[in-house]
Amino acid sequence: MSTQVDQRGNRSGTPGEAVAARSATGAGTPAGHGGRPAAPGTVRAALLVAEREVTTVVRTKSFLVSTAILLVGVLASIVVGSVLAGRDSDTRVAVVGAAAEALAGQDGFEAVDAADEAEARRLVENGDVRAAVVPAEGSPVGVRVLALDETPLDVVGVLSVAPEVELLEESDMNEGVRYLVSFGFGLVFLMSAAGFGSMIAQNTVTEKQSRIVEILLATVSARSLLAGKILGNSLLAFGQTAAIAAVAVIGLVVTGQDDLLGLIGAPVVWFVLFFLVGFVLLAAMFAAAASLVSRMEDVGSVMTPVIYLTMTPYFLVVFFNDNPTVLRVMSYVPFSAPVGMPVRLFLGEAAWWEPLVALALLVVAAVAVVALGAKVYERSLLKTGGRVTLREALRGS
Amino acid sequence: MLQVHHVNRSFGDRLVLDDVTFDVRRGRLTGFVGGNGAGKTTTMRIVLGVLAADSGHVTLDGTDLDAAERRFFGYMPEERGLYPKMRVLEQITYLARLHGVDRGAATRRATALLERLGLGERMNDRLDDLSLGNQQRAQIAAALVHEPEVLVLDEPFSGLDPMAVDVVVGVLSEYAAQGAPVIFSSHQLDLVERLCDDLVVIAQGRIRAAGGREDLRAAYGHARWEIDTAGDVGWLRSAPGVRVQHFDGGWAVFEADDDAAAQQVLRRALEQAPVASFGPVRSTLAEIFREVVKDEDTTEAAR
């Protein structure tokens, strides 16, 4: 019984009135949708892709928050550094009567007036002052220095008559400053490169996972897509790094640490320059690596080697910033040059031509890696499902 | 006319497309039907140049397709793809701009298209805030926003409610009426049957049948008749040259060897009782599809 009902139902559903009506209208006329817009060239398409990357990222909360934290962090470390340095430098010294003149006009000391030697002695004993200078008639310099358990060399220094000293080698950089600056370059590089690198990786996988890549590739070439991605994120990374550099410079000027600025200014400019090229290199690697997988869950496995490469310069510079050989090698190896060379410049260990050579090496490496990355990216972008091995991607489809 | 010529494609050792050849004529809607894994999506990807063919080529009006020509194609991939976190209007505008439309015109077009597809209220929402049906509409907008000259749509109707189907059908018909070749795949055979002028049937990577809908019907449908009378037609079972398929008192559907045998049945029925209706039964696409695919499978087995 049921089959009969089906038959009757089908019978009435068969003819297509709409089709008949439609196919009567002009078949065979050429599709006329107005003028064809001019095809965007590779560059124009890349710019459009870059624009989307930038506007998308700039609007995300995580980007705004992390940038703010970075900038505030840099500013805070400079301000705190200056406050700490300020407290260190002034040694409190108790002075009695005419002895005050001996210290007058000397930088780095804060004179605390004491009524007599007994009070000065008490101040030293209480730890209120590091030393006391009291008049002493028998002494050739006219004063005597009181201190707790250690000769206060700085105080003695200014009170003594010292012979002229000629240093045959320039003094080493202050250990702390040296460490801080190296650490700073390393950290900024790591944060920016890893941050924007993962952004590229995420975007690549999102496009692959959501398959929008099929629509995109039906429209623009894979090269434009990759170029736009690298360009957009490089701009962001460059902007962020430049902002950090600007904040650092402003911070140093405002807190009156101009002398440090003089030392760090040129290296910072070099750093920004090296970073820009170095980031392009890393960006190509991040994009190529991410194009090998199709799901967000698999990103970790392909990202690990690239992340290690990004972290290496940071650890090298933190552990070996007092080892000139390691620094020299670092400053020429393309992956670590963006950190290594500015640190060497800051330490005054590099000749004027060295950054130029290192930068040229870095540019060559970046071009090579981008070319290779583009190949991998082009070939694995449409392969979905499992993970594409690097060998497969390079061998071609 | 969009033509696919002798396209072959393998994935590893598996031959996915085997000498695939068919035409998509201008001004007509062409339905592309086949079972799961038959090769529809692979074929469409090759037409769009998203995937390369191992051999064979695709032409439009006799010229080989290149990337420049394909930019005027509208493509809807099988697995839907748009940026999940991006606002609908922004991404449709972005896609138009990638096609070379300037910003102002791209925004206007995207807005008009989204309104037409019923997404006017939601176009400033992020894609993943939309229901699946609405995401599907956005996907269709993505395929159409650059006013393509050829449409290649993989399952454009899946997940759409009947109203949305009507809207999309209206848009596709408009494109076809303007002379664009339009091909779409679908599992909904009744829908394809209702809409398409031409059909391409693919199974196991080979084109099993291609041509006008009525031609296919004539070629593959068995001659069947339906009769409805006031009397009892039980005698049909023993009538010469006739095989009864369905029977219920005065109503029956039967196959006849030829027209003469069918006319003989009508005459005999009229002698016995008034006939309310008599006529040929048109095969449905589903039936033709099964027939085409089964035919080939049996020849395959016989080889």
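Residues numbered from 1 in each chain as written. Chains lettered and ligands numbered in written order. Predicted model: local features only at pLDDT ≥ 70, side-chain atom pairs only at ≥ 80, totals over all residues. Heavy atoms only, no water.

**Details of the confidence of the model for chain B**
Residues and elements named next belong to chain B.
Piece 1. This prediction gives chain B a mean pLDDT of 87; 97% of its residues lie at or above 70.
Piece 2. When pLDDT is averaged over each element of chain B, strand β8 (residues 182–185) comes out on top at 93 and helix α10 (residues 285–302) at the bottom at 68.
Piece 3. Prediction confidence for the complex, expressed as pTM and ipTM, is 0.73 and 0.73 respectively. (pLDDT = per-residue confidence, 0-100. Helix = DSSP H or I, 4+ residues; strand = E, 2+ residues; numbered from the N terminus.)

**Details of the pattern of salt bridges**
All names here are of chain B.
Piece 1. What the rule picks out here adds up to 31 salt bridges over all chains.
Piece 2. Put simply, aspartate 61 and arginine 26 hold a salt bridge, and the shortest N to O gap is 2.7 Å. Remark: arginine 26 occurs in the loop between β2 (14–24) and β3 (29–34) and aspartate 61 occurs in the loop between β4 (55–60) and β5 (63–64); sequence separation between them is 35 residues.
Piece 3. By relative accessible area, aspartate 61 is classed as partly exposed at 46%. (Salt bridge = Lys/Arg side-chain N within 4 Å of Asp/Glu carboxyl O. Buried < 20%, exposed > 50% of the residue type's maximum accessible area, 1.4 Å probe, protein only.)

**Here's the deal with the domain arrangement of chain B**
Piece 1. Domain assignment breaks chain B into domain 1 (2–217) and domain 2 (222–281).
Piece 2. Each of domain 1 of chain B and domain 2 of chain B has a C-alpha centre, and these two points are 44 Å apart. (Domains from an automatic or database assignment.)

**What to know about the nonpolar core**
Piece 1. Membership of the largest hydrophobic core comes to 147 residues, with the highest contact counts inside it found for Leu225 of chain A together with Phe157 of chain B.
Piece 2. If one sorts the elements of this core by residue count, helix α11 (residues 258–290) of chain A sits on top with 19 residues.
Piece 3. If sequence neighbours within four positions are ignored, leucine 225 of chain A has contacts with Val49, Glu207, Val213, Leu216, Leu217, Val220, Tyr377 and Leu381 of chain A.
Piece 4. With 26 residues, the next largest nonpolar core counts Val20, Val50, Val150 and Ile183 of chain B among its residues. (Core = buried A, V, L, I, M, F, W, Y, C linked by side-chain atoms within 4.5 Å. Contact = heavy atoms within 4.5 Å.)

**Describing the environment of threonine 255 of chain A**
All names here are of chain A.
Piece 1. Positionally, threonine 255 belongs in the loop between α10 (222–254) and α11.
Piece 2. Residues threonine 255 and valine 83 lie 172 residues apart in sequence; the distance between their C-alpha atoms is 8.7 Å.
Piece 3. At a separation of 3.4 Å, a polar atom in the side chain of threonine 255 contacts the main-chain carbonyl oxygen of leucine 252. (Polar contact = N/O pair within 3.5 Å; in protein donor to acceptor, adjacent residues only side chain to side chain.)

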